[in-house]
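Now for the letters of each chain:
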Amino acid sequence: MRMEEQHGADVAPVVVMRGITKEFPGVIANQDARFDLREGEVHALVGENGAGKSTLMKILFGLYTPDAGSITVGGSIVRIESPQTAIDLGIGMVHQHFMLIPSLTVAENISLGMEQKRGPFYDLDAAIEHARQLSTTYGLRVDPSARIRDISVGERQRVEILKALGRGVRVLILDEPTAVLTPQEADELFHVLWGLVRQGMSIVLITHKLREVMNNSDRVTVMRAGQYVGTVDTAATSTEELARMMVGRDILLRVEKGAAQPGAVVLQAVSVTTDDDQGLPAVRGVSFEVRAGEIYGIAGVEGNGQSELLEALTGLRKTSGGSILLNGVHIERASARRRRELGMAHIPEDRLVYGSSESSSIADNAVIGYHYHPPLARRFWLATSRRARWALDLIRRFDIRGARPEAPIGSLSGGNIQKLILAREMSREPTLLVAAQPTRGVDIGAIEFFHRKLIEYRDAGAAILLVSAELSEVLALADRIGVMFDGRIVAEFAGEEATEQELGLAMLGVGDARRASA
Amino acid sequence: MKSKPMIVLVILCLLLAACGSGGAATPGGATTAAPIAASPTVEATMAASAPVITDGTVGAGASPTGEAVEKLRIAMFVNGALGDKSFWDSANAGVRRANTELGAEVRVVEGGFDVSSWEPALRRLAQADYDIILVGTFQMPDIVNSVAPDFPDKKFILFDATVDQSNVANISYAQNEGSFLAGVLAGCVANSDLPNVSGDKTVGVVGGEDVAVINDFVVGYEQGAQYVDPEMQVLKAYVGTGAPAYNDPAKAKELATAQFSDGASIVFQVAGGSGLGVIDAAKEQNRYAIGVDSNQNGEAPGVVLSSMLKRVDNSVFDLIQMEATGSLRTGKTYLYGIQNDGVGLAEDKYYDQHVPQECKDQVDRAKQDIASKKVRVKSGFK
Amino acid sequence: MRQRGLVAEVIPPVLSLVAALALSGLIIAALGSSPLPVYKALLLSPFESLATFSEVLVRMVPLLLSGLAVAVAFRCGVFNLGVEGQLYLGAFAAAWVGFALVGPGIVLIPAALLFGALVGAVYAFLPGVLRAYSGASEIVTTIMLNYVAINLTTYLVTGPFRAPNAATADSEPIAATAHLARFLPESRAHVGLFIALSLAVGLYILLYQTTIGYELRMTGANPRFAEYGGISVRRTVLIAMLLSGVLAGLLGAIEVLGVQYRFRSGFSPGYGFDGITVALLARVEPLAIPFAAFLFAVLRAGASIAAVDTEVSREVVDVLQAIIILFVTAEGLWSFVRRRHVVAAGQRG
């Protein structure tokens, strides 16, 4: 059921995007995506992280050029090649990370790139006056002569908005504007945004916070996996419906699997806590265990602490509390190397950041973690010929087409890189395989291959911890499922009992999730 | 992948080498230097007086000849760069004078500051068609010792340093004699009725560092001051050690200020770039100072009463002129002191104007005493 | 990956060279001289005789070692801009062994080389530790430590270790037994060249045939990947800095034992920084570095000859040399940056 353009055929759209496709190396960010924006509306664009909503808006703002598709602004088809073109067309964007110069004043930042001159000199007074005028016209309070580094995040955001308004934009895109704001600041922001809408401005709000959407938008467009799902009137929808649209109801990939034969506990996490890169608590006391011969899935909307939990489990991030046991051995302080030696393998969630070194050869990539062990090395010496054979063996067994050991891994497609990572991590027969987003950006055929491999591996007696933002994947593979929300496992389900609706609600922290076992 | 940059570089190298050997096959390898606007009509003039050779004999003065002498070809290797307004520019003035006055063909090569490039550059200069090669500074003896023996038919002049080579003529400067004059001036000024003297029988000297070459100045200065008045007290201070000692005016100013407040009427600076601090202190304390190396009298007229000069230009010109007249002797050291204008005080208009006549007379007497060996100035080197 | 033909690989640097020559020719012509003699002196004269060619070999040694020192750190993603300071300390250490101890060359030379290498390594270790444990940018710390090292060695030879009666800030000469053998008649070319060449091969073997080299390369290519693979990035960074310091220290030691025969304050005309250019020109590949160093040495030797042979002033020759190096290196720099950029983009991706 697709809901689109049920209302308002009378209001002319200011922006129409059709058939937008954008591919990054190894990842399709947008596929045949569409988007309409009417004059004088707040239009929320929602979807999980990686659903392609930011990419779509960056295309509209001229930061990316689409591989295919058309954009119509004000009735005529346009090519938006740069942010300058977008601004000339009246489209402005406030990014998640502000693009302000901390050492300059508010007024200087606002007038940056369109400085008023008095003779050959920069006219500071005119800039301050300009900023003051904008500030009063649109009701955004700022002190024009304050330096950016001295003002709060909320004020900086107002400066960003003024910067766009000062360039005469009529369409304002805000990328996750409330992510950095306190609830009070967020309320104030929406107050301002509605004021702008009353003056005829159109606003695109990129977010994944559904409560925010329900209270502060006219219409909602939902994206999933780079594709358009639908557009609905906010008044005619509900958080639950939006959640369902976001999380997806695709036909589940059926995986043939028998019942799990759980054995001894392999991984045990007890009240694990850890902080994110900013030093804020990201995992707030997570406990669970994974047994031999089972797949434990962790579901959750991205950004709820799963990444940090995985890094803590695999030794890439320090824990701030709790303990982790691998086959009964405390490993919370062990190095990543020690954890590998104790039988842990890890498919990281980002194959290009952690999983591979793009400029290095396939052979170099195929041996990491085991490169210092026989048969790949003897004492300090690399066994170069054995290494090449080893890489070739992995290439053959996992059917990585077009791969030569000496070629840089960056020459492979994303799916094939992922295959090599899987091959590498399974090659030493670990007792625990931590697999994060193992099939992200991988084509359908390869997904099945991955799923089959994971099941086979489980049946061979390994413990597998699967973390995926793809609910269908967790449902298809996991024997038990824990749902993470806000740094905690808020619910745990037996794999066969869980329904997508229940999981989805638990993932979004809405509704009363049934707590199965603790 | 990784072998490619190497292959590229190999090819580039081969290319160069190929061109290089091709170039070498062409005859007339070394380019000869074009002469600098020689003016052969200018007559050779006689040196003011013949320099003293350290073995005791006096070098024969150039005989005044009316006709242009055989055209000399001279090269000077500057281990550094021109434009220092001091040592090298002075040496350069000397060779330029040889060009205008003797009609010599002159070539000056700046060797830059890459120490290891000096030797090959000097060697190449020696291979070229020059009669005399001039080299200077105490940084060069090792290199001259290595290069000169390989070119026995070439003559070298090494100034402000000495080596023992049969084809090298050395020039050394009696800075102790010049400093003696500075000491005489200082001692006389301290006892004079100039408005800003302290009244104490005290003078000062600020040296760069406590090493032989600086002490050569200090010892001469002290002797000169006490030659005027045996009761004269000489305050001594050193800025520090190493190169920074010659580039720390603040420290030098502090030291000089201390000396002034201890009663010194005048302070002699022997501290290179730090010396400007001494002049500053003298200005602030309303006392007097004596400059060094180049003429610093104009830095603070009436405050800097004179400067002790090292006449590199005169000495270099002299030796070239000797070669022109066939009297240059290699394997010797020519000492430039007071009697042959190698060192002396800067007696310019500021000196004339601000130094009491009585002191000018004393300085002149001291010059004669040194020249007539009535006074033997001590050296800091022993 | 698309394979560029060899011709396509060779053409850009050759074009760079031609462009550089054309531009410098214009400058010389504008100054009223003929560019041809300058070209000849700069590029061809170094090959005209065994004597001039051996000077190229002499100059090549420090450039080669500096290139290796910079490269080993680069390969680990560390920027050792402190090679200059490390080589000064290494040179002093080696000179100290040479003038303070007596003995046959077979003892003295290895002792001086090892001591120089050790001191260089210790001095590089310091910024390495700061980088690994406190995250202090090694770019800043290594540069600052250069001044400390240069001034410290100057102090040592103006103060405690000054040669008696020396007019300059030099140490005493080293024992004659500690001189590195010279292998060409009537030239300064010394066996340090072979030491340096074998170190280039050694670095190649280390990088590509040993586990440490592997860890070093992976850390440089993608530190997060290395960390993930159980490589201690801290430890690897420290090793890279130590190796870089060893090479820098050896550079100083070999210059003292092979050319200077004593420690002279201020003897290096910036070898530590030339190494950066050499390493980039060689695309940070150990086996290409000798060739890059050779090219550089030709230009250096040529500049010295041009200063003597031609009337063009020293500054102009320096400018020409800089233009040629800039043009030829820019090509290599560009590929290096491009590679880095791809990696960085991947990390963001």
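Residues numbered from 1 in each chain as written. Chains lettered and ligands numbered in written order. Predicted model: local features only at pLDDT ≥ 70, side-chain atom pairs only at ≥ 80, totals over all residues. Heavy atoms only, no water.

J.: Would you mind showing me how to read the overall build of chain C here?
T.: Within chain C, the regular secondary structure consists of 13 helices and 0 strands. Listing the helices and strands of chain C from first to last along the sequence gives α-α-α-α-α-α-α-α-α-α-α-α-α. Put simply, of all contacts in chain C between residues at least 6 apart along the chain, 76% involve residues at least 24 apart. Total accessible area computed for chain C in this model is approximately 12500 Å², and 72% of it derives from carbon and sulfur atoms. (Helix = DSSP H or I, 4+ residues; strand = E, 2+ residues; numbered from the N terminus. Contact = heavy atoms within 4.5 Å. Areas by Shrake-Rupley, 256 points an atom, 1.4 Å probe, with all protein chains shown as cover.)

J.: Explain the sheet that holds strand S12 (residues 227-233) of chain A here, please?
T.: Two modes of strand pairing occur in sheets, parallel and antiparallel, and in both the strands are linked by backbone hydrogen bonds. All names here are of chain A. Strand order across the open sheet formed by 6 strands is S6-S9-S10-S3-S11-S12, with mixed pairing between neighbours. Of all the strands in the sheet, just strand S6 (91-94) and S12 have a single pairing partner and so form its edges. With direction set aside, neighbouring strand axes in the sheet form an average angle of 20 degrees. Summarising the sheet, strand S3 (residues 42-46) and strand S11 (residues 219-224) pair through 4 bridges and their orientation is parallel. In the sheet register, Ala44 faces S11, and the bridge partner there is Val220. (Pairing = 2+ DSSP bridges. Axes fitted to C-alpha atoms, helices over the stretch in contact; angles between N-to-C directions.)

J.: What should I look at first to understand the packing of aromatic side chains in this one?
T.: Counted under the stated rule, the structure contains 21 aromatic pairs over all chains. The interplanar angle of 70 degrees and the centroid separation of 4.9 Å between the aromatic rings of Phe74 of chain C and Phe79 of chain C together place this pair among those described as edge-to-face. Judged by its relative accessible area of 27%, Phe79 of chain C falls in the partly exposed class. Through a chain of ring-to-ring contacts, the aromatic side chains of Tyr88, Phe92, Phe99, Phe161, Phe263 and Phe267 of chain C assemble into a single cluster. Over the ring of Tyr372 of chain A we find Arg337 of chain A; its NZ or CZ atom is 3.9 Å from the centre of that ring. Arg224 of chain C extends its terminal NZ or CZ atom over the ring of Tyr354 of chain A, reaching a point 6.0 Å from the ring centre. (Phe/Tyr/Trp six-rings, centres within 6.5 Å; stacked < 30°, edge-to-face > 60°. Buried < 20%, exposed > 50% of the residue type's maximum accessible area, 1.4 Å probe, protein only. Lys NZ or Arg CZ within 6 Å of the ring centre and 35° of its normal.)

J.: Hey, could you run me through helix H14 (residues 414-427) of chain A in this one?
T.: Residues three or four positions apart in an α-helix share a direction because the helix packs 3.6 residues into each turn. Residues and elements named next belong to chain A. With 14 residues, H14 extends 20 Å between its outermost C-alpha atoms, agreeing within 8% with the 20 Å of an ideal straight helix rising 1.5 Å per residue. Across the 14 residues that make up H14, a large majority, 14, are buried. The first or second residue beyond H14 is Glu429, which carries a positive phi of 45 degrees. (Expected span 1.5 Å × (residues − 1).)

J.: Would you mind going over the environment of Met57 of chain A with me for this structure?
T.: Residues and elements named next belong to chain A. Examined against the element boundaries, Met57 turns out to sit in helix H1 (residues 53-60). Among the residues examined, Met57 registers a relative accessible area of 0% and is labelled buried. Separated by 244 residues in the primary sequence, Met57 and Val301 place their C-alpha atoms 21 Å from one another. The contacts of Met57, once residues within four sequence positions are left out, are Met17, Phe35, Leu45, Met93, Ile173, Val204 and Ile206.

J.: Whenever I open this one, the nonpolar core confuses me. Can you help?
T.: One recurring pattern in soluble globular proteins is that nonpolar side chains are buried together. Among the nonpolar cores identified, the biggest contains 183 residues, and Ile481 of chain A together with Leu257 of chain C are the most heavily contacted of them. Per element, the largest residue contribution to this core is 15 residues, and it comes from helix H3 (residues 50-75) of chain C. Beyond its immediate stretch of four places on either side in the chain, Leu257 of chain C contacts Ile109, Ala112, Leu113, Ile174, Ala178, His179 and Leu180 of chain C. Grouped together as the second largest cluster of nonpolar side chains are 69 residues, Ala98, Phe180, Tyr221 and Ala225 of chain B included. (Core = buried A, V, L, I, M, F, W, Y, C linked by side-chain atoms within 4.5 Å.)

J.: Got a minute to help me understand the interface of chain A and chain C in this structure?
T.: Contacts between the two partners involve 35 residues from chain A, matched on the other side by 27 residues from chain C. For the chain A and chain C pair, buried surface summed over both sides reaches about 2500 Å², with 60% attributable to carbon and sulfur atoms. The largest per-residue losses of area from chain A upon contact with chain C belong to Val353, Ile368 and Leu382 of chain A, which jointly make up 22% of the total buried on that side. Remark: the boundary between chain A and chain C carries 2 salt bridges. Residue Glu215 of chain C pairs with Arg337 of chain A through a salt bridge whose shortest N-O separation is 2.6 Å. Linking chain A to chain C there are 16 residue pairs in polar contact (both at pLDDT 80 or more). Contributing elements (two or more residues each) for the side of chain A that touches chain C: helix H10 (336-341), helix H11 (351-355), helix H12 (362-367), strand S20 (381-382), helix H13 (384-397) and H14 of chain A. (Buried area = accessible area lost by both parts, 1.4 Å probe. Salt bridge = Lys/Arg side-chain N within 4 Å of Asp/Glu carboxyl O. Polar contact = N/O pair within 3.5 Å; in protein donor to acceptor, adjacent residues only side chain to side chain.)

J.: Teacher, can you tell me more about the packing of H3 of chain C against helix H11 (residues 271-281) of chain C here?
T.: In helix packing, the relevant descriptors are the interaxial angle and the interaxial distance, both defined with respect to the helix axes. Residues and elements named next belong to chain C. Running from N to C, H3 and H11 point in directions that differ by 70 degrees, and their axes come no closer than 7 Å. One element, H3, and the other, H11, form an angle in the roughly perpendicular class. Of the two possible hands of crossing, H3 and H11 adopt the one that is right-handed. Taken together, the residues of H11 that come into contact with H3 (itself represented by Pro62, Leu63, Ser66, Gly67, Val70, Ala71 and Phe74) are Tyr271, Gly272, Asp274, Gly275, Ile276, Val278, Ala279 and Leu280. Of the residues belonging to the contact of H3 with H11, the class tally is 10 nonpolar, 4 polar and 1 charged. (Parallel < 35°, antiparallel > 145°, perpendicular 65-115°, else oblique. Left-handed = near helix turned anticlockwise from the far one by under 90°. Nonpolar A, V, L, I, M, F, W, Y, C, P; charged D, E, K, R; others polar.)

J.: What's the story with the side chain of Thr210 of chain C in this structure? I'm lost.
T.: Residue placement: Thr210 of chain C occurs in the loop between helix H7 (192-209) and helix H8 (211-221). On the basis of relative accessibility, which here comes to 7%, the residue Thr210 of chain C falls in the buried class. From its side chain, Thr210 of chain C meets the backbone nitrogen of Gly213 of chain C in a polar contact 3.0 Å long. Residue contacts for Thr210 of chain C: discarding those within four places in its chain leaves Phe380, Trp381 and Leu382 of chain A together with Ile205 of chain C.

J.: Would you take a moment to explain the confidence of the model for chain C for this structure?
T.: In low-pLDDT regions, the fine details of the predicted coordinates are not to be read closely. All names here are of chain C. Per-residue pLDDT for chain C averages 87, and the proportion of residues at 70 or more is 90%. Contacts of residues 339-349 to residues separated by more than four positions or lying in other chains number 15 contacts, the stretch itself having pLDDT below 50. Quick note on the complex model: pTM equals 0.72, ipTM equals 0.83. (pLDDT = per-residue confidence, 0-100.)

J.: Hey, could you run me through helix H6 (residues 138-158) of chain C in this one?
T.: All names here are of chain C. Here H6 is 21 residues long and its end C-alpha atoms lie 30 Å apart, about the 30 Å a rise of 1.5 Å per residue gives. The elements touched by buried residues of H6 are helix H4 (83-100), helix H5 (105-134), helix H10 (233-260) and H11. Of the residues that open H6, the one with a side-chain oxygen 3.2 Å from the backbone nitrogen of Ile139 is Ser137.

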